[in-house]
Amino acid sequence: MTAVTGLAGPADTRVMHVVHTALRRDLTRTTETLTTDPPPFPAQRIALAAHLDWMMHFLHQHHRSEDEHLYPLVRGRNAEAHSLLDRMHADHRSVDPAMDSLRTAARAYRDSDDARGELIAAIDRWSAVLLPHLDREETEMMPIVSATITEAEWRHWNTEYNVKPLGPIEVFDEGLFIIDDAPARDHGVDSRGSTLGDAARDERPLSPLRVPALAHRPVLAPAFIIGRPTRGAHPRRAGGGVAGTGRGHPHR
């Protein structure tokens, strides 16, 4: 028997892992930056807080799209999936309070470094409920989704409820967030990734001169907001400005 492929075949859900990896990546970056001396300088602190606030908005919309559109489709087709779908819904509800707490802590940290300890604690609480959910969704839920809906239906869900509601800048920002540091094989795993991959790669590495834009587009340059390790160098002692850890003004 010939397997059904293409748009009529099983949904290709690999992008879920790519999106989740972006969340894990910036969780690690943020924790390292907040817990390593010297602490972020004021402009970096403000940009980091804005990025965390944006991430919580992104995750809320991601879960809403699943709860309102993707998972009801699966529930209507696959009675055996109901128990796991209930678990996904419960997971999302348990993550919500942790997201709200983290947003509150991030906004306090934006205004004062005195709130750094509470922000670290809020990130830890968020991680404790989010990370097991991400793993469960990838390893248990996505195979069921793939076996239940078609590639055409998966693309329709992604386009109608994840892409179309966004403006052009929002789509571009999400694309940069998702593919930052991702291996090349992940740049085109869905319609959004394949469109944005080339454009996003053209933008990187981003100039520190663009950092003032982070006040309203914080996702554009997470690598410059949040220090990352380089060979033989401390992640936030590699230089001045935003890309490194010097306390020089990022506009210079």
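Residues numbered from 1 in each chain as written. Predicted model: local features only at pLDDT ≥ 70, side-chain atom pairs only at ≥ 80, totals over all residues. Heavy atoms only, no water.

**So, the overall build of the protein chain**
Put simply, the test is: Each helix corresponds to a stretch of at least 4 residues labelled H or I by DSSP, and each strand to a stretch of at least 2 residues labelled E; elements are numbered beginning at the N terminus. Whether a residue is buried, partly exposed or exposed follows from its accessible area with a 1.4 Å probe, protein chains only, as a fraction of its type maximum: under 20%, in between, or over 50%, in that order. Values of accessible area rely on a 1.4 Å probe in the Shrake-Rupley scheme; residue burial ignores everything except the protein chains shown.
Assigned secondary structure in the protein chain consists of eight helices and zero strands. Out of the 252 residues belonging to the protein chain, those deemed buried represent 48%. Entry remark: accessible area of the protein chain is about 12000 Å², with carbon and sulfur atoms responsible for 55%.

**Observations regarding the environment of Leu70**
Applicable threshold: The contact rule is simple, with two residues in contact once any of their heavy atoms fall within 4.5 Å.
Counting through the fold element by element, Leu70 comes out in helix α2 (residues 42-77). Linking Leu70 and Tyr161, residues 91 residues apart in sequence, is a C-alpha distance of 9.2 Å. Sequence-distant contacts of Leu70, that is, excluding residues within four places in its chain, are made with Ser65, Val145, Ile149, Trp154 and Trp157.

**Quick notes on the packing of aromatic side chains**
Rule in force here: When two rings of Phe, Tyr or Trp (its six-membered ring) have centres within 6.5 Å they constitute a pair, described as stacked for plane angles under 30 degrees, edge-to-face for angles over 60, and tilted for the intermediate range.
Per the stated rule, a full pass over the model turns up four aromatic pairs. Both rings, one in Trp54 and one in Phe58, keep their centres 5.3 Å apart while their planes meet at 15°; by these two values the pair is stacked. You can see Trp54 and its partner Phe58 sitting in helix α2, four residues apart, about one turn around the helix. Classification of Trp54 as buried rests on a relative accessible area of 17%.

**Some points on α2**
To keep things clear, this is the line we draw: Each residue after the first adds 1.5 Å to the expected span of a helix. To obtain the bend at a residue, axes are fitted to the seven residues ending there and to the seven starting there, and the angle between these axes is taken.
Here α2 spans 52 Å end to end across 36 residues, near enough to the 52 Å set by a 1.5 Å rise per residue. By the largest-angle criterion, Glu66 marks the main kink of α2, which is about 40°.

**Regarding the nonpolar core**
Filter applied, for reference: By nonpolar core we mean a set of buried residues, namely Ala, Val, Leu, Ile, Met, Phe, Trp, Tyr and Cys, connected to one another through side-chain atoms within 4.5 Å.
Judged by nonpolar contacts, the single largest core of 48 residues is most densely connected at Leu119, Trp126, Met141, Val145 and Trp154. Listed by contribution, the elements that provide at least two residues to this core are α1 (14-34), α2, α3 (82-111), α4 (116-148), α5 (151-163) and α6 (168-179). Among the elements that make up this core, the one with the highest residue count is α2 (11 residues). Each residue touching Met141, except ones within four places of it in the same chain, is listed here: Tyr71, Val74, Leu84, Leu85, Met88 and Arg136.

**Digging into unusual backbone geometry**
Each neighbour pair has its own omega, and for Asp37 with Pro38 the value is -5°, a cis peptide bond. Examined against the element boundaries, Pro38 turns out to sit in the loop between α1 and α2.

**Considerations on the pattern of salt bridges**
It is possible for side chains of opposite charge to pair when their charged atoms get near one another. Note the threshold: One speaks of a salt bridge when a side-chain nitrogen belonging to Lys or Arg is within 4 Å of a carboxyl oxygen belonging to Asp or Glu.
Under the criterion given, the structure shown has 20 salt bridges. Residue Asp53 is joined to Arg107 by a salt bridge in which the shortest nitrogen-to-oxygen separation is 3.0 Å. Of this pair, Asp53 sits in helix α2 while Arg107 is found in helix α3, placing the two residues 54 residues apart along the sequence. Since its relative accessible area comes to 18%, Asp53 is described here as buried. Taking relative accessible area as the criterion, Arg107 reaches 38% and is therefore assigned partly exposed.

**Thoughts on the confidence of the model for the protein chain**
Convention followed: Looking at any residue, its pLDDT shows the predictor's confidence there, from 0 to 100.
Per-residue pLDDT for the protein chain has a mean of 78; in total, 70% of the residues score no lower than 70. Mean pLDDT values for the elements of the protein chain range from 38 in helix α7 (residues 191-203) up to 98 in α4. Note on residues 227-252: pLDDT under 50 across the span, and 56 contacts to partners over four residues away in sequence or across chains.

**As for the side chain of Thr13**
Looking at the secondary structure, you find Thr13 in the segment before α1. Look past the residues within four positions of Thr13 in its chain and what remains in contact with it is Met142, Val145, Ser146 and Trp154.

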